[in-house]
Structure formats: C-alpha cells, structure tokens
Amino acid sequence: MDEIITLIRPRLLSFRNRGPWGRTIRQRSGHVVLFFLGMGLWLGIFWASHRVLSYFASIQELGDILAFKLMSVVVVTLFSLLVFSGILVTLSKLYLSKDLLLVHAMPVPAYKIFVARWIESAVDSSWMVIVFTLPMFGAYGLIFQGPWYYYGTLGAVLVLLGVTACAISAVVIMVAVIVVPASRIRTIFVFVGLSLFIALYVGIRVIRPERLIDPEVFSATLFYLKSMQSPSSPLLPSTWAYDALVASLNGRFGSACFHLGLLGSFAGMIGVAMTLVADAIYFKGVSRARRAPARLFTRRRLEFFWLSFLPGPVRALAVKEIKTFFRDQTQWSQLFLIMALIGIYLYNFKVIPFDRTPVKTIYLQNVLAFFNMGLALFVLTAVAGRFVFPGVSIEGEAFWIVRSSPVRLRQFLWVKYFLYLVPLLVLTLVLIVSTNILLQVGPFMMGLSLVNVCFMVPGVVSLGIGMGAAFADFKSENPAQTLSSYGGLIFMVLSALFIGCVILIEAGPVYSFFMARLKGLPLDFTTRLWCVVSFVLAGGLCTVTAILPMVHGEKRLAMRLFA
C-alpha cells in the first residue's frame, strides 16, 4: 500500500503546490471565471430538472411513472458515459502516458503501478460526470421530499457506479491491448463512440418526439407510457443503483440498503478481478504499446499541385498541415459526427409545419432565415473550437522544428488560417443555402445570408487561430482538451459576442426593410441611411475581427517564445 500512495503523491502535491486558485493573477482570474461558469451551469441543470419534475408531479397517476422512468434513463446514461469515459482515460493513463517508461523503471510490482494509475483514472473519468449529475438527483430529493438517507444513498451510488464503470473499462482495455495495439484501440473506440452517438441521435430525431403533444397520436402515446413500466434487467449495476435510489426516495431504508449492498459487492468483485487480470497481463500490454503507431486505414500518396503558386517554405508548411490532419485519425474521424449533425440540422428545418402555423408563412420563413444565420455561425464556432483553436497547440513539443524553418511566425499562423478558412466557409455556406432553400426564402434574404456568412466566417476563424496562438499549450498530451482551458473559454465568449453583435446591428434595419417590402411601401431616407450605417458598422466589425486576433495571437506567441 505504501508504494501505491507514493506513486499517487506527485499528483496530490501538484494540486497543493499550485494552490486552489492558481499562483499568478492570470491563473486566478481564469479559475474564478471558470468557477462561476460552472456554478451557473450547475444551477441551470438544477433549475431545469426542478421545473420538469414539478410538471411531472402535477400530472396525476402518470406523473410518478414519467419521473421515475426519467430517473432510470438518467442512471443508465450516466453509467454508459462513465464506462466510455473510463475506456478513453484508462487507455491514456495505463498505456499511452509519456512517463510510463520512468514509472515502470521503479522497483515496484507492475500491478501496484496499475492500481495507482487506475485510481487516477477513476477520479479523472468520473468526477465531472458525477458533479454535473448531482443537481438532477438533488431535484428529485426536493420534489419527492426524500428522507435524509436518500442523499447518503445518492453519494454512495454515484461513487460505486464510478468505481464499477472504471473497473470494467480497465478490464476491457487490458484484454483489448493484448489483441490490438494500444494506438489503434484509441481510434477504434473513437469510431465506435461516434457511431453509437450518431445512431442514438438519428434514432431519437427520426421518431420525432414532438408528436407526443399531437392529440392525433395520443393513443400511441398511451401505449408508449404503458411500455415504459416494463422492468429493466436485474443483472445490470445501473438497475441496482436505480432501485436503491427509488427505495430511499420512497422511505424503504431496508430495500435501499439491500440494493446498495448488491452494487457494492459487485464493485468489490469486479475490482478484485481487475487486479488479478492486471497482475497477469498488464505489463505485457505496456510492452506492446511501445511499438510504433499503426494506421487504421492505408492512404494513397496525396498530390498538392494546386499549391504550386506558394513559395517553397510556405508550400511545405501547408502540405505538412494537410498531411498532419489526415494522419491524425482522432481529428478527421470526427468529421463523420459533424456530417451527421448537419443532416439532423437540415432535417429539423424540413419538418417545420408552416401549413399549421397562425403566423404568415412568408414572414415566419424570413425571420427564421435571419436568425438561422446566427445559429449556423454558432455551429461553426463549435466546429472551430474543436479543430481551429487547438491548431497551434497541436504542434506539440515539435514546434521548434517549425520555428527553425525559414518561415516567419506570421506566415505560420496565416497558413493555418487559410487552410481552416476554406473548408469552414464551404461548410457554413452549405448550411445557409440548404436551410434557405428548405425555408423557401426570397432573393433578398438569400443574398443577405450569403454576404453575412462570407464576412463573419473569417472573423470566427481568426478568433480561433489568434486565441489558440495566444493561449497555446505545447505540452498537452491531448490538444483537443485545450478548448476547456481559460483560452478556450475566452475564444467561445468572444466568438459568441461577435456573432451576437453583428446580428443585433443588422436586426433593426433588416426588419424595417423587410416589412416595407412586405407591405409594398417605399423606403424613406431615414431607413435607407439606417441600413447603410448598420451594414457599414457590421462590415467594419467583421474586418477588425478578421485581423486583430491574428495580430494579437502573433504578438503573444512571440513574447512567450522569446521571453
């Protein structure tokens, strides 16, 4: 046990030495902002859960069925998320961490190293999921007036679910690494996770749950509610967790202890089995993981003749960026998820019931088209946060190779800018044109949407590259996680403010212009001047946003490199 505590101590000391709020003013301010944002999200989840459960409680007979079935779905989803998160975290901690060679050189048995790493993995993979699930279960306690031991049962259930999920994940990973190299397993699990998410999301959207409020399908709804009372499998840990929570809510202390005992005994059993498996095969898997990464798919040699107009060093840098993207399968594999979300995005516009709305169709279509510009740009911001913002940090510790090349820092950033700008601009144009065609908008709104997108997309991409350069983290093992850092938060906030400001600047003049066209009235001088001034202001804001973040990011990155 002493060896395990010694292996965990560096992680604990790192938190103590850094302090709860950081050591510098910048770190403290960033942590304070993240704390209040997290508290806002936590309270928002609690408020939404409380409203939903209050509504269910007001429904006689069916209310409790809906509330407890929702709890069952939440517990199953929570356990699934913990298992999948545990798979990704344990794979990185147990087989792909950079310090494994140093740790395994110590005079400590391999299974003890495994236990220490597994404890870190269990905490890292489950703490956020558990923390942001607490408000929902807390709302159940308030609505159903649960006794005091409900909250103790809730804490024990969440801890045991996290331990069980991480233990199952570790066993799966250890067995899989013996069969498949660890570098390929990550890609496989990413594909599996994306496929499951896409299938679940598409399935939920295709069944159109909004039809439940339609009286014409009320008989199907009653059949659905009846089917929800069917019991779950009694052999799943999520079922024991659900039964323990429901029993404690209803005041059945003995039944709650029984189901909690089932969950705890299973967690202990799977923990012992995990340790035995680790003692037998963990070190063999670590040795296999040291091999060169294997590609999931083979690719033909790419030709880049269309970049021949660029100077030699800049062209080489552009080719390097493109090849790096396609070689990193964890990046381009997420394109499948993006394409599926775009399909669902377009499908939502297709099923809008314009024929049954009391508002004039032509008015509603154009209003939706105008606000759809902002919505499409917010979708772009999410995509840019995943791909554009980590674009500088993804260079990693090999960034010195780029700096030693005959390419200036400004050229390096602008090459990344244009390589991300072109596909993201095409993506946003496809979204806007497709949704406008589905909405059947007029030429004015179509033209305004295209012009706005062509001006605003460069600003969002500039914010992504500029803020990514200003807050670059070249030591991160997973650059995609930089979006959750202070710099990522700044990028998301600035991008949202930029999009919101442009939409607000144009909203008034566009409304006046559209209503005048709708009523067949001529535009007076004041309205024309208002339109010109607002569009000039919006264009100026887009131009400044497309340039200023790049300049700021270059200066901040240069100060960090040469300080």
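Residues numbered from 1 in each chain as written. Predicted model: local features only at pLDDT ≥ 70, side-chain atom pairs only at ≥ 80, totals over all residues. Heavy atoms only, no water.

A.B. asks: Help me understand the overall build of the protein, please; the structure alone is not making it clear to me.
C.D. replies: The secondary structure content of the protein amounts to 20 helices and 0 strands. Residues counted as buried form 42% of the 563 residues belonging to the protein. As displayed, the protein offers around 30200 Å² of accessible surface, 71% of which is attributable to carbon and sulfur atoms. (Helix = DSSP H or I, 4+ residues; strand = E, 2+ residues; numbered from the N terminus. Buried < 20%, exposed > 50% of the residue type's maximum accessible area, 1.4 Å probe, protein only. Areas by Shrake-Rupley, 256 points an atom, 1.4 Å probe, with all protein chains shown as cover.)

A.B. asks: Just to check I follow, could you spell out the side chain of Ser121 for this structure?
C.D. replies: Mapped onto the elements, Ser121 comes out in helix H5 (residues 110-131). Its relative accessible area of 0% is what places Ser121 among the buried residues. When neighbours within four sequence positions are excluded, Ser121 is seen to be in contact with Val89, Thr90, Lys93 and Cys166. (Contact = heavy atoms within 4.5 Å.)

A.B. asks: What is the right way to look at H5 in this model?
C.D. replies: For the α-helix, the turn length of 3.6 residues means that residues three or four positions removed from each other point alike. Look at H5: 32 Å from first C-alpha to last across 22 residues, which is about the 32 Å you get at 1.5 Å a residue. The principal kink in H5, of about 25°, is found at Ser125. (Expected span 1.5 Å × (residues − 1). Bend = angle between axes of the 7 residues up to and from the residue.)

A.B. asks: Explanation requested: the confidence of the model for the protein in the structure shown.
C.D. replies: Low-confidence regions, as indicated by low pLDDT, have predicted coordinates that should not be scrutinised in detail. Looking at the protein, pLDDT values average 76 and 73% of them are 70 or higher. Segment residues 296-300: pLDDT under 50, and 11 contacts once partners within four positions in sequence are set aside and those in other chains are kept. (pLDDT = per-residue confidence, 0-100.)

A.B. asks: What is the right way to look at the pattern of salt bridges in this model?
C.D. replies: Pairing between side chains of opposite charge can happen when their charged atoms approach one another. Scanning the model with the defined rule gives 3 salt bridges in all. One salt bridge in this structure joins Asp124 and Lys93, with 3.4 Å as the shortest N-O distance. Of this pair, Asp124 sits in helix H5 while Lys93 is found in helix H3 (residues 62-96), placing the two residues 31 residues apart along the sequence. Here Lys93 falls in the buried class, since its relative accessible area comes to 18%. Through salt bridges with shared partners, a single ionic network connects Lys93, Glu120 and Asp124. (Salt bridge = Lys/Arg side-chain N within 4 Å of Asp/Glu carboxyl O.)

A.B. asks: When you look at the nonpolar core in this model, what are you seeing that I'm missing?
C.D. replies: Burial of nonpolar side chains together is a common tendency in soluble globular proteins. In this structure, Phe412, Val461 and Leu557 are the most contacted members of the largest nonpolar core, which totals 58 residues. Mapped by element, the contributors of at least two residues to this core are helix H12 (312-327), helix H15 (361-387), helix H16 (399-404), helix H17 (409-439), helix H18 (443-470), helix H19 (486-519) and helix H20 (525-562). At 13 residues, the largest contribution of residues to this core is made by H18. Beyond its immediate sequence surroundings of up to four residues, Phe412 is in contact with Leu317, Glu321, Val392, Glu395, Phe399, Val402 and Val407. (Core = buried A, V, L, I, M, F, W, Y, C linked by side-chain atoms within 4.5 Å.)

A.B. asks: Help me understand the packing of aromatic side chains in this model?
C.D. replies: Aromatic rings considered in pairs are described by the distance between their centres and by the relative angle of their planes. All chains considered together, the criterion is met by 11 aromatic pairs. Relative to Tyr151, the ring of Tyr150 lies with its centre 5.2 Å away and its plane at 75°, an arrangement referred to as edge-to-face. The exposure class assigned to Tyr150 is buried, which follows from its relative accessible area of 0%. The exposure class assigned to Tyr151 is partly exposed, which follows from its relative accessible area of 37%. When the centroid spacing of 4.9 Å and the interplanar angle of 70° are considered together, the rings of Trp414 and Tyr417 count as edge-to-face. Here Trp414 pairs with Tyr417, and both are found in helix H17, just 3 residues apart, close to one helical turn. An aromatic cluster is defined as three or more aromatic residues linked by ring pairs; in this entry it consists of Phe68, Tyr140 and Phe144. Sitting above the plane of the Phe471 ring, Arg556 keeps its charged end 5.4 Å from the centroid. (Phe/Tyr/Trp six-rings, centres within 6.5 Å; stacked < 30°, edge-to-face > 60°. Lys NZ or Arg CZ within 6 Å of the ring centre and 35° of its normal.)

A.B. asks: How should I be thinking about a nonpolar patch on the surface in this particular structure?
C.D. replies: The grouping of Val32, Phe35, Phe36, Met39 and Leu43 at the surface amounts to a nonpolar patch, some 460 Å² of accessible area in total. Mapped onto the elements of the fold, Val32 is located in helix H2 (residues 25-57). Residue classification places Val32 among the partly exposed residues on the basis of a relative accessible area of 34%. (Patch = residues over 30% accessible without salt bridge, like charges linked within 9 Å, V, L, I, M, F, W, Y side chains within 5 Å.)

A.B. asks: How should I be thinking about unusual backbone geometry in this particular structure?
C.D. replies: Among all residues save glycine, negative phi is the norm, and among peptide bonds the norm is trans. For Gln145, which is not glycine, the phi torsion reads 55° and is therefore positive. With respect to the helices and strands, Gln145 occurs in the loop between helix H6 (134-143) and helix H7 (148-179).

A.B. asks: Quick question: what am I supposed to make of the environment of Leu154 here?
C.D. replies: Relative to the helices and strands, Leu154 resides in helix H7. Leu154 sits in the buried class, given a relative accessible area of 5%. For the pair Leu154 and Leu245, spaced 91 residues apart in sequence, the C-alpha to C-alpha distance is 6.6 Å. In this view, Leu154 contacts Leu134, Phe137 and Leu245; residues no more than four positions away in its chain are not counted.

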